[in-house]
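Below, each chain spelled out in residue letters.
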Amino acid sequence: MHFVSFHYKRFSRCRCCAGVLAMLFVALSQSDATAQPLSYRSYHLEQRSTVIRQPADFRSAPLPPSAPPPTVAKPGPDRFTPQRISLDDAIRIALENDRVVRVLAGETAVNSGKTIYDVAIANTVIDQRTARFNPFLTVNNNWDRLELPTAFPDPGDPTNTLIGGFRTDQHRLDVGVSKINPLGGQFDAGVNTVSQRFQPGVFPLNPQNTSSASIAYTQPLLQGFGRPANLAPVVLARIDTERSYFQLKDAVQTQVRSVIEAYWSLIAARIDVWATEQQVAQAKFAHQFAQQRFKVGIRNGSDQAQARTSLANFQANLINARNAVLQREAVLRNLLGLPPWDEVQLTPTTEPASERFEPDWLQIVELAAQQRPDLIELKLILEADEQQLIIANNTARPRLDAVALYRWNGLEGETPAGMRVSSGPGQFTDYTLGVNFSMPLGLRRERSQLRQRELILARDQANLQQGLHAASHELATTLRSLERAYEQYLAYREARAAAAENLKIQEGIFRGEFDATFSYLNVLLAITDWGNAVRNEATALTQYNTLLAELERQTGTILESHGVWFYEERYGSIGPLGRLARPVQYPARNGPLPNAERYPSGERPAEDFFQMTPPVRLPELRREELPPPAPQR
């Protein structure tokens, strides 16, 4: 308010100024107590309070609908129906719901930070950079009235001063076109006309029209000269678009690999549930058998207590296994873009591959160096550094411009006698030729920027070499893990067969079918070993299949090997007609098309591949099947 009061006092003698400033004072002094939307409070000169809206004032964005998810306590078997899904179908569903790319992070799925819109957004920058070379049209059409008061002595009374003035009505029209070429030169062509009428008084020409037409060209000779320096921003925009594309491809590759890992993990979890259920059944039978033997006095209570403890532990493990199935199915649903629960249970039907893969080391290294998106991005960064170096080198040059201008001038008007007079065509011309030079003495800032770009280029070259070095080690680690997983699968498959045979023997000894020294700890160890062997076999084989996908991701070929290809989705951009033209189409208007089948799909659940048959047939436990009581000594 002090600012307004100061000016109001200073110009208070001018009635028109005082009135305008008084209105401004009233407008600025209105109270802020009235409630206004947040967007209308931006006119204040100072923000002296914190304005926070209530959560209900924000735009409504409800969560996607979903049924209550099942839990181990409330599985709801009557609320869902199994839905068979192959690995190919899982990948297709994930890509269909792929506006935002989701990847696996630990035991959950998270946003990768990439969307299908990123490449299209980066692609718009190319037009923004090339717009510099588009012709630029300027049209200024103005009607002016100039009437300024002037004080002059009174001819009749030298001691008096009169106030008068001249009035000029004029029309100004300026039309110009300018164009910058890739060499950095700028061409300008323009026409200027001014029509003026003067009053009061007698003038040589009234009205009078002045006009001119000019062409000019300015060509940089040092700084700003040449196609590389002028097209470098366009090349950088194209490189950024390619980087965005390969970043999206890298994220989609990680997503496909995450879907594969989550798919095999779900199968391993379902096998874990089955193995734990068999352990519970074996432990329950052993507990009942020990309880009956204790009742008839064959054994003491230690076997019963141990059997009861092991049964409780197996039942607790079964709860964890069933919860793991629910969690891994939820992770797979998250990756596929499905709701947490829709009363449909996903049942995998693609069986894991059990054949040994024999990789060609030289071939996969060559593929990784050529196809990996992260290595391609490092190469694009080097190309961008080279363009930035061109820009910095251009900026470090002095400014030396050659200029040329040629202009035709004309004048016409009406004399006091009413005659029209005008200058002849080309009668009055002027031109300008020259060379303009300017530069900061020392060019310290420009040369430091050039040195910085040279160092950045050297740094990114080292990063590329390190990326290639790290990629080779990642491939070597994956190959070792691949061989380890397959060898473990073979070993655990043999261990499962041995554990099943041992379990049969220990169960027979426990029930008295074999003449041997009995110990329930042997039965418990046999049950535990068999369950661990089943889990380890399934885990090793599913890890082996996951590592196959990881090897494809590290070579940059996982999308092509699964029949996934990117295509440029055409879209219409807003043009001169604005929104009156046809509707604008943006990416994601067209969904993905079906791809070729990569994985065989059967009619049975995928876990049936692991021969899910009980290791021991448990008979009905009846009292007459128990051995007679031992004689008393």
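It should be emphasised that the depicted structure is a prediction, and the values quoted were computed from it without experimental measurement.

Draft legend 1. Region of the structure containing the packing of aromatic side chains. In this structure the tally under the stated criterion is 10 aromatic pairs. Measuring from ring centre to ring centre gives 5.5 Å for Y245 and F566, while their planes differ by 70°; the resulting arrangement is edge-to-face. Remark: F566 occurs in the segment after helix 11 (558-561) and Y245 occurs in helix 5 (residues 227-295); sequence separation between them is 321 residues. By relative accessible area, Y245 is classed as partly exposed at 29%.

Draft legend 2. Structural context of unusual backbone geometry. The omega torsion of the bond from Q199 to P200 falls at -5°, within 30 degrees of zero and hence cis. Checked against the element boundaries, P200 lands in the loop between strand 6 (186-199) and strand 7 (208-220). Each neighbour pair has its own omega, and for N206 with P207 the value is 0°, a cis peptide bond. Mapped onto the secondary structure, P207 falls in the loop between strand 6 and strand 7. Look at E343: it is not a glycine, yet its phi comes out positive at around 65°. Mapped onto the elements, E343 comes out in the loop between helix 6 (301-336) and strand 8 (344-348).

Draft legend 3. Quick look at the packing of helix 7 (residues 361-371) against helix 8 (residues 373-395). Running from N to C, helix 7 and helix 8 point in directions that differ by 50°, and their axes come no closer than 6 Å. Here helix 7 lies oblique to helix 8, going by the angle between them. Two secondary-structure elements touch here, helix 7 through A368, A369, Q370 and Q371 and helix 8 through P373, L375, I376 and K379. A per-class count over the contact of helix 7 with helix 8 returns five nonpolar, two polar and one charged.

Draft legend 4. Fine view of the pairing of strand 8. In terms of burial, strand 8 is largely enclosed, as four of its five residues are buried. Bridge count between strand 1 (residues 81-85) and strand 8: five bridges; the pairing is parallel. Note on strand 8: the bridge partner recorded for I85 is P348.

Draft legend 5. Structural view of the side chain of R92. Assignment of secondary structure puts R92 in helix 3 (residues 87-96). Look at R92 and you get buried, because its relative accessible area is 15%.

Draft legend 6. Region of interest: the pattern of salt bridges. Scanning the entire structure with this criterion turns up 27 salt bridges. Two residues, E351 and R604, come together in a salt bridge whose shortest N-O distance is 2.7 Å. Note that E351 is positioned in the loop between strand 8 and helix 7 and R604 in the segment after helix 11, a separation of 253 residues in sequence. On the accessibility criterion, E351 (28% relative accessible area) is partly exposed. Among the salt bridges present, the one from D401 reaches R399, with a minimum N-O distance of 2.9 Å. Residue classification places D401 among the buried residues on the basis of a relative accessible area of 11%. For R399, a relative accessible area of 30% translates into the label partly exposed. Taken together, the shared-partner salt bridges connect R257, E261, E550 and R553 into one network.

Draft legend 7. Spatial organisation of the environment of L378. Mapped onto the fold, L378 is located in helix 8. The exposure class of L378 is partly exposed, given its relative accessible area of 21%. Along the sequence, L378 and G467 sit 89 residues apart, while their C-alpha atoms lie 7.9 Å from each other.

Draft legend 8. Representation of the environment of L521 in the model. By the secondary structure assignment, L521 is in helix 10 (residues 520-554). Residue class for L521 comes out partly exposed when judged on its relative accessible area of 48%. Spatially, the C-alpha atom of L521 lies 9.8 Å from that of S310, the residues being 211 residues apart in sequence.

Draft legend 9. Inspection of helix 3 at higher detail. Counting buried residues along helix 3, seven of its 10 residues qualify, which places the element largely inside the surrounding structure. Within the span of helix 3, buried status applies to L87, D88, A90, I91, R92, A94 and L95.

Draft legend 10. View of the confidence of the model for the protein chain. When the pLDDT values of the protein chain are averaged, the result is 85; 83% of them are 70 or greater. With pLDDT under 50 throughout, residues 1-13 is counted as low confidence; its partners more than four residues away or in other chains account for 15 contacts. In this model residues 620-633 is a low-confidence stretch, pLDDT under 50, and it forms 15 contacts with partners more than four residues away in sequence or in other chains.

Draft legend 11. Main features of helix 10. Relative to the 51 Å expected for 35 residues at 1.5 Å per residue, helix 10 spans 49 Å between its end C-alpha atoms, a close match to the ideal helical length. Taken from the residues just after helix 10, G556 is the one with a positive phi, measuring 75°.

Draft legend 12. Representation of the side chain of E552 in the model. Looking at the secondary structure, you find E552 in helix 10. Residue classification places E552 among the buried residues on the basis of a relative accessible area of 16%. Apart from residues no more than four positions distant in its own chain, E552 is found in contact with T557, I558, S561, H562 and R598.

Draft legend 13. Representation of the nonpolar core. By size, the foremost hydrophobic cluster in this structure holds 72 residues, and its most contacted members are I91, V259, I260, Y263, L332 and L336. When contributions to this core are tallied by element, the ones reaching two or more residues are helix 3, helix 5, helix 6, helix 7, helix 9 (444-511), helix 10 and helix 11. Looking at which element gives the most residues to this core, the answer is helix 5, with 20 residues. Excluding residues that lie within four positions of it along the chain, I91 makes contacts with V256, V259, I260, H562 and Y599. Grouped together as the second largest cluster of nonpolar side chains are six residues, I239, F246, I376 and L380 included.

Rules used in this analysis
Residues numbered from 1 in each chain as written. Predicted model: local features only at pLDDT ≥ 70, side-chain atom pairs only at ≥ 80, totals over all residues. Heavy atoms only, no water. Phe/Tyr/Trp six-rings, centres within 6.5 Å; stacked < 30°, edge-to-face > 60°. Helix = DSSP H or I, 4+ residues; strand = E, 2+ residues; numbered from the N terminus. Buried < 20%, exposed > 50% of the residue type's maximum accessible area, 1.4 Å probe, protein only. Axes fitted to C-alpha atoms, helices over the stretch in contact; angles between N-to-C directions. Parallel < 35°, antiparallel > 145°, perpendicular 65-115°, else oblique. Contact = heavy atoms within 4.5 Å. Nonpolar A, V, L, I, M, F, W, Y, C, P; charged D, E, K, R; others polar. Pairing = 2+ DSSP bridges. Salt bridge = Lys/Arg side-chain N within 4 Å of Asp/Glu carboxyl O. pLDDT = per-residue confidence, 0-100. Expected span 1.5 Å × (residues − 1). Core = buried A, V, L, I, M, F, W, Y, C linked by side-chain atoms within 4.5 Å.

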